[in-house]
Every structure is written in structure tokens, then in C-alpha cells.
Amino acid sequence: MVNLTRIYTRTGDGGNTRLGDMSEVAKTDLRVAAYGDVNEANAHLGVAVVLGGLDDDVQTVLGRMQNDLFDLGADLATPVVENPEFPPLRVREEEVQRLEEWCDHYNETVEPLRSFVLPGGTAGSALLHVATTAMRRSERSTWAAMQVHADSMNPAAVRYLNRASDLLFILARHANRHVGDVLWKPGGERGD
């Protein structure tokens, strides 16, 4: 368990931070950007839970995802090494599989897609669309980090982020199932 007695440490004032293995890196390191983006996506899930008026089962799923995302951030912050003295927390394929099962379950509750979907409809749907974009950015950031640090990163983490963004999109549609999706109209209302 973590015991934080003081939040500020002044250790980052020079532009560096420490990873989970206590190695020092620049705050601009791609791994730091990746787990920072995961943290932002996680915050968007919290806003959706609090303000979205979402069904209890969806809130439960999002709460589980929030915990997983914190684990995932710890995973990204701790380089993979062979035979670590203290095995770190890692995202596993089981977590990815659970997201796929939720995707399948909630996708059965919505109509087949006939057009691209615009963010909107219910408050919950709009908030989940925002969370989806943040999750997709965290996936891109993690891929950027993987291109540089692939030998010391867990590939299951990036698969989790990909499925998480899919699930959030599906949940956004699920939140609109009673009012209907807001569909994209190519060219909008131009009247051409």
C-alpha cells in the first residue's frame, strides 16, 4: 500500500522524475507522457460516473476500469526487467479479455451502426465520448513510448488501452440507447 505523507517533494523541479524502479528520466520521457495521458483518461471516467447519470452496471464497469487504469499507469511507470526482485504490478491478458467480454455484452444493446456517431444525446453519452478520445490519445502515447522502449514495456498494456477505447465508445452508444445516437450527416446542414 502507498503511504503519502507529503504531496510535494521538490524532486521534479529540475524537469526529472523517477519511474517505478527509481530510475530517473526527464518529465518529457515518452513513458511519463503515456502514463500521464492514462491518468487523464481515468479522470474523464470519474467525471462520467459522477455527472453522467449512467446505469449502475455501467458505473460498476467504469469503476473497475478506473482501478485497472491506475494499475496500468503503474505498469507503464515500471520498466520490464527479467527476474525482478519484487515482481511489479502488470496488466494481464485477463484484463484485456474482460474488456472484450464487456464490449460484446454492451454492443448487443445497441442498434448496428449505419453512420458515424457524433458526441451528444445524453450527458452520460457525451461524457463517455470525451473519455473515449482521451483513452485513444493515451493509446497513441503508449504506442509512441513502445516505439522507443518496447523491450522494457508490457505489450498487454497497449492492448488494454485499445479495448478500453472501444468499450467506452460502445458504452457511449449504450447511454443513448433510449434516445438514439446523434448521427453524422456528411456535409451537415449546408443546403447545397
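Structure: above.
Residues numbered from 1 in each chain as written. Predicted model: local features only at pLDDT ≥ 70, side-chain atom pairs only at ≥ 80, totals over all residues. Heavy atoms only, no water.

K.L.:
Any chance you could explain the packing of helix α4 (residues 123-149) against helix α5 (residues 155-175) here in plain terms?
P.N.:
Packed helix pairs are characterised by how far apart their axes lie and by the angle those axes make with each other. Two elements in contact, α4 and α5, have axes whose closest approach is 8 Å; the angle formed by their N-to-C orientations is 165 degrees. Compared by their axis directions, α4 and α5 come out roughly antiparallel. Considering only the axes of α4 and α5, their crossing is left-handed. Considered class by class, the residues forming the contact of α4 with α5 number 14 nonpolar, 8 polar and 2 charged. (Axes fitted to C-alpha atoms, helices over the stretch in contact; angles between N-to-C directions. Helix = DSSP H or I, 4+ residues; strand = E, 2+ residues; numbered from the N terminus. Parallel < 35°, antiparallel > 145°, perpendicular 65-115°, else oblique. Left-handed = near helix turned anticlockwise from the far one by under 90°. Nonpolar A, V, L, I, M, F, W, Y, C, P; charged D, E, K, R; others polar.)

K.L.:
For this particular structure, what's the right way to read the nonpolar core?
P.N.:
A general feature of soluble globular proteins is that nonpolar side chains tend to end up buried together. Leu62, Met65, Tyr160, Leu168 and Leu171 are the most contacted members of the largest nonpolar core, which totals 37 residues. Of all the secondary-structure elements, those providing two or more residues to this core are α1 (30-51), α2 (56-77), α3 (93-107), α4 and α5. Per-element accounting of this core gives the leading share, 11 residues, to α5. Ignoring sequence-local partners within four residues, the contact set of Leu168 consists of Leu45, Leu62, Met65, Leu128, Ala131, Thr132 and Met135. (Core = buried A, V, L, I, M, F, W, Y, C linked by side-chain atoms within 4.5 Å. Buried < 20%, exposed > 50% of the residue type's maximum accessible area, 1.4 Å probe, protein only. Contact = heavy atoms within 4.5 Å.)

K.L.:
Looking at this structure, I do not really get the environment of Ala156. What am I missing?
P.N.:
Looking at the element boundaries, Ala156 is found in helix α5. Ala156 sits in the buried class, given a relative accessible area of 4%. With 84 residues separating them in the primary sequence, Ala156 and Leu72 have C-alpha atoms 9.4 Å apart. Not counting the four nearest positions on each side in its chain, Ala156 is found in contact with Val91, Arg92, Glu93 and Val96.

K.L.:
Could you clarify how one ought to interpret the side chain of Glu139 in this entry?
P.N.:
Structurally, the position occupied by Glu139 is in helix α4. Dropping the residues within four chain positions of it, Glu139 is found in contact with Val158, Leu161, Asn162 and Ser165.

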